[in-house]
Amino acid sequence: MIFRILVPIIAASLFFIEPTFSLFSPLQINGERYILVPHFFAVFLILLAVYDSKKTAMIYGVVFGLLYDMYHIDMIGIYTFIYPFIAYLAAVIIKYVHKYTVFVLFLAIALLVMLEVLSFLFAAAIGFTGMNFDQFLHSRLIPTTIGNFLFIVLFGYIIRWFIVKRKQALEPAM
Amino acid sequence: MRRFLADKRLIVLFIVVITLVALLAVTLKGRQQANLAEQVVKDVVGFGQSVFSKPAHFFTSKLADIEGLIATFDENKQLKTRLEHYAMNEAKLIELESENERLRKLVNEASNLSAYEPIYATVISRNPDQWEERVVVDKGESDGVTKNMAVITSQGLIGKVVLTTPLTATIELISTENQLFRVSAMVAGEEIFGLIEGYDKTREQLVMKRIDSNLEVKEGQKIISSGLGGIFPKGLLIGEVKEVSTDDYGLTKLAYIEPAANFKMLDHVVITKRSVDTVTSSVDEGEEEAAKE
């Protein structure tokens, strides 16, 4: 029963930790600027779509995407679209492959790269950034992917455990 | 795939996309004020956010303390030599301040462009996708924060307030790529005015434009806010001149300025409430007029 409450709490915590982490970014290593974007919530969303259901993941995506847009960007429609979209893709793709840890890891990384590229396209379209694609790739996409890869390796298993436990707790009732 | 297309899901998808695009279009325009729903969301999320970021600030400050402890001996030596100058400067400052006040009374000028009331705030979040250089602080309208106030740290100017709700304020940092973010600036101690307009991401320096080409700007000179834009108080330190060149048309000078403040790891900031009546214009980039003189 407790897992039914714990999973939303984890979702909210990840959502709140992201902006705190981005206070540390950009990193400066050997005079090069690297932007690290924490996508903890997106990781959670992908795992939720894989190990729980598409519907649950998309609802989480819409709700938190809306909060994200309203709080951080003051422009509604960017993450409100991106979050449910990657949840949907994750749920659809996982049907065709086995839920081996390696596959899930690979899927999560691929979707995070897609998320970053989508957000870059939005930012470029709206005029938030004058970065070209090369700069974006070098100073943002690669460090971000590495950073989030580490996050998945370190915490993915724990998050998965909570999600699976919640699903098991819910199932007999349904 | 054909089954998918036949599905009514496609229609749902279309409706969703259209709704989102419509929402984006409505909210995209530079609005003056967030609506009620957004304000409520901002305040509630902002509260949750501060619960998470305040302990984080506590830990980072403790880490900084430890780092400081290691460097204590060397710093102490340096500081001792500075301290002698400091005492001298302070005595001078007090004298000058009292003289300034006396002269001000003499010319019957009560208002002072430099005067401001500080509002102390803590940074609770930075836009995680980092496209816009924005941070949110935990003070809002109920503490007297209004739009366009200048925001500083102990080191210098960092940005201005762009959006307020009752309990939070959003600050756009001066390191933004937004070309409309202008600050009227001057060389400290001289009558040389210009306009901070944009930030060079690769050089990591601010660009000060529209400096009269007859005037001599030297490297190493300090740049402060001029207070003439009608929004920022006068005398907030912006940075130091690193390089001077001419602009694209060769009509005015252009200077690259190393910002005095550090935009990374922001925790405590001061929002400056100007004591002189602030010009209330509907255009929030109202800082232009200063440079046209």
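Residues numbered from 1 in each chain as written. Chains lettered and ligands numbered in written order. Predicted model: local features only at pLDDT ≥ 70, side-chain atom pairs only at ≥ 80, totals over all residues. Heavy atoms only, no water.

## So, the sheet that holds strand β11 (residues 252-259) of chain B
Residue and element names in this part refer to chain B.
Item 1. Taken in spatial order, the six strands of this closed barrel run β6-β7-β8-β11-β10-β9, and their pairing is antiparallel. When the angles between neighbouring strand axes are averaged without regard to direction, this sheet yields 45°.
Item 2. With seven bridges connecting them, strand β10 (residues 237-246) and β11 associate as antiparallel partners. Note that in β11 the partner of Val244 across the bridge is Ala255. (Pairing = 2+ DSSP bridges. Helix = DSSP H or I, 4+ residues; strand = E, 2+ residues; numbered from the N terminus. Axes fitted to C-alpha atoms, helices over the stretch in contact; angles between N-to-C directions.)

## Observations concerning the domain arrangement of chain B
Residue and element names in this part refer to chain B.
Item 1. Assigned domains within chain B: domain 1 (36-112), domain 2 (118-149 + 161-170) and domain 3 (182-292).
Item 2. Facing the 16 residues of domain 2 at the interface are 13 residues of domain 3.
Item 3. Interface area for domain 2 against domain 3, summed over the two sides, is near 1300 Å², with a carbon-plus-sulfur share of 61%.
Item 4. One can count zero salt bridges joining domain 2 with domain 3.
Item 5. At the boundary of domain 2 and domain 3, one finds three residue pairs in polar contact (both at pLDDT 80 or more).
Item 6. Sorting the residues of the side of domain 2 that touches domain 3 by element identifies β1 (116-126) and β2 (134-137) as the ones contributing at least two each.
Item 7. Among the elements that make up the side of domain 2 that touches domain 3, the one with the highest residue count is β1 (seven residues).
Item 8. Here the residues of the side of domain 2 that touches domain 3 sort into ten nonpolar, three polar and three charged. (Domains from an automatic or database assignment. Contact = heavy atoms within 4.5 Å. Buried area = accessible area lost by both parts, 1.4 Å probe. Salt bridge = Lys/Arg side-chain N within 4 Å of Asp/Glu carboxyl O. Polar contact = N/O pair within 3.5 Å; in protein donor to acceptor, adjacent residues only side chain to side chain. Nonpolar A, V, L, I, M, F, W, Y, C, P; charged D, E, K, R; others polar.)

## Describing the interface of chain B and chain A
Item 1. Between chain B and chain A, the residue contacts involve 41 residues of the former and 46 residues of the latter.
Item 2. Summed over both sides, the interface of chain B with chain A buries roughly 3900 Å², with 63% coming from carbon and sulfur.
Item 3. Contact with chain A buries area across many residues of chain B, yet B:Pro128, B:Gln130 and B:Trp131 alone supply 20% of it, more than any other trio.
Item 4. The tally of links from chain B across to chain A stands at zero salt bridges.

## Description of the UniProt feature "domain: Rod shape-determining protein MreC beta-barrel core" (unreviewed entry) in chain B
Item 1. When the UniProt feature table is mapped onto this chain numbering, "domain: Rod shape-determining protein MreC beta-barrel core" (unreviewed entry) sits at residues 123-272 of chain B.
Item 2. In this annotation, residues 123-272 of chain B is assigned 0% helix and 49% strand; the end-to-end C-alpha distance for the span is 15 Å. (UniProt positions renumbered as here; feature names shortened; annotations may be inferred.)

## Some thoughts on the packing of aromatic side chains
In this description, a pair of aromatic rings is defined by centroid distance and the angle of the planes.
Item 1. Within this structure, the stated rule accounts for 25 aromatic pairs over all chains.
Item 2. On the numbers, 6.4 Å between centres and 70° between planes, the contact of A:Phe15 with A:Tyr68 is edge-to-face. With A:Phe15 in helix α1 (residues 2-21) and A:Tyr68 in helix α3 (residues 54-73), this pair connects stretches of sequence that are 53 residues apart. Taken as a pair, A:Phe15 and A:Tyr68 share a single burial class, namely buried.
Item 3. Ring geometry for A:Phe120 against A:Phe136: centres 4.2 Å apart, planes inclined by 15°, an arrangement best described as stacked. On the criterion of sequence distance, the pair formed by A:Phe120 in helix α5 (residues 101-126) and A:Phe136 in helix α6 (residues 133-170) is long-range, its members being 16 residues apart.
Item 4. An aromatic cluster of three or more residues is present, and its members are A:Phe15, A:Phe16, A:Phe41, A:Phe44, A:Tyr60, A:Phe64, A:Tyr68, A:Tyr79, A:Tyr83 and B:Phe52. (Phe/Tyr/Trp six-rings, centres within 6.5 Å; stacked < 30°, edge-to-face > 60°. Buried < 20%, exposed > 50% of the residue type's maximum accessible area, 1.4 Å probe, protein only.)

## Observations regarding a nonpolar patch on the surface
Item 1. On the surface, A:Phe133, A:Leu137, A:Ile142, A:Ile146, A:Phe149, A:Leu150 and A:Val153 cluster together to form a nonpolar patch covering roughly 610 Å² of accessible area.
Item 2. Positionally, A:Phe133 belongs in helix α6. (Patch = residues over 30% accessible without salt bridge, like charges linked within 9 Å, V, L, I, M, F, W, Y side chains within 5 Å. Areas by Shrake-Rupley, 256 points an atom, 1.4 Å probe, with all protein chains shown as cover.)

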